[in-house]
Amino acid sequence: MARHTRQLWIWLAMDRHTRKIVSCFMGRRDAVSAFGLWEGLPTPYLDAVCHTDRLGAYKSVVFGALHRIGGTQHIERFNATLRVRVAHLVRRTLSFSRKQANLEMLIWLFIHRYNASLP
């Protein structure tokens, strides 16, 4: 039996002060997806300092002094919460979406609910 492995990465941008998710993009782990996340950012965040991991794809959208490596603890904590609360992200045998659009809708609903729960 051939195992179906369609990897989908969830790209997130979080406001460090409010902890709200301000942009989300789902796609591959490449420069095209990094640009997709960048395009989804609200205008006030386009000139903000961005803290990222060492993935090279970020260098195609975040330049110079605005790019900082590290300081990603809050977004990593959110990623852990997302995996725990959305069963579709844990294991395919437990729960999965046949259509990517359904998974994207589920993640967006979770993000909106999460943002609404913040003070």
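So, here is what we can say about the structure in this document. Note that the structure is predicted; figures quoted are calculated from it, not measured. (Residues numbered from 1 in each chain as written. Predicted model: local features only at pLDDT ≥ 70, side-chain atom pairs only at ≥ 80, totals over all residues. Heavy atoms only, no water.)

**Concerning the overall build of the protein**
Cut-off, in case you're wondering: Every helix listed is a DSSP run of H or I at least four residues long, and every strand listed is a run of E at least two residues long, numbered separately from the N terminus. A 1.4 Å probe rolled over the protein chains alone gives each residue an accessible area, and that area as a share of the maximum for its type sets the label: buried under 20%, exposed over 50%, partly exposed in between. Should any heavy atoms of two residues lie within 4.5 Å, those residues are considered in contact.
Scanning the protein for helices and strands turns up three helices and four strands. Along the protein, from the amino end to the carboxyl end, the secondary structure elements read β-β-α-β-β-α-α. Residue burial in the protein is summarised as follows: out of 119 residues, 34% are buried. Nonlocal contacts in the protein, meaning residues at least 24 apart in sequence, comprise 41% of its contacts between residues at least 6 apart.

**Considering the pairing of strand 2 (residues 21-27)**
The condition is simple: Each pair of strands is called paired provided DSSP finds at least two bridges between the two strands.
Extensive coverage of strand 2 is indicated by the burial of six of its seven residues. Pairing geometry for strand 1 (residues 9-14) and strand 2, over six bridges, is antiparallel. The residue bridging Leu12 from the neighbouring strand is Cys24, located in strand 2. Counted between consecutive antiparallel strands, the loop separating strand 1 from strand 2 contains six residues, among which Arg19 sits at a positive phi close to 70 degrees.

**Notes on helix 1 (residues 31-40)**
Three or more residues of helix 1 are buried, namely Ser33, Ala34, Gly36, Leu37 and Trp38. Buried-residue contacts for helix 1 involve strand 1, strand 2 and strand 3 (50-52).

**Thoughts on the nonpolar core**
Filter applied, for reference: Put simply, a nonpolar core is a bunch of buried Ala, Val, Leu, Ile, Met, Phe, Trp, Tyr and Cys residues held in one set by side-chain atoms that sit within 4.5 Å of each other.
Counting 14 residues, the largest nonpolar core has Leu12, Met14, Ile21, Phe78, Phe110, Ile111 and Tyr114 as the members making the most contacts within it. The greatest single-element share of this core, amounting to five residues, is contributed by helix 3 (residues 100-117). Those residues in contact with Met14, other than ones at most four positions away along the chain, are Arg19, Lys20, Ile21, Val22, His74, Ile75, Phe78 and Tyr114.

**Considering the environment of Leu37**
Tracing the backbone through its elements, the reader meets Leu37 in helix 1. On the basis of relative accessibility, which here comes to 8%, the residue Leu37 falls in the buried class. Separated by 24 residues in sequence, Leu37 and Ala13 have C-alpha atoms that sit 7.6 Å apart. In contact with Leu37, not counting residues within four places along its chain, are Trp11, Leu12, Ala13, Ser23, Cys24 and Phe25.

**Focus on the side chain of Asn115**
For the record, the criterion: As used in this structure description, the phrase polar contact means that two N or O atoms lie within 3.5 Å; if the pair is within protein, one of them must be able to donate a hydrogen and the other to accept it, and residues adjacent in sequence are counted only when both atoms belong to side chains.
The topology assignment puts Asn115 in helix 3. Asn115 gets classed as buried once you look at its relative accessible area, which sits at 14%. Side-chain polar atoms of Asn115 contact the backbone nitrogen of Ile21, separated by 2.9 Å. Here Asn115 is in contact with Lys20 and Ile21, once residues within four sequence places are set aside.

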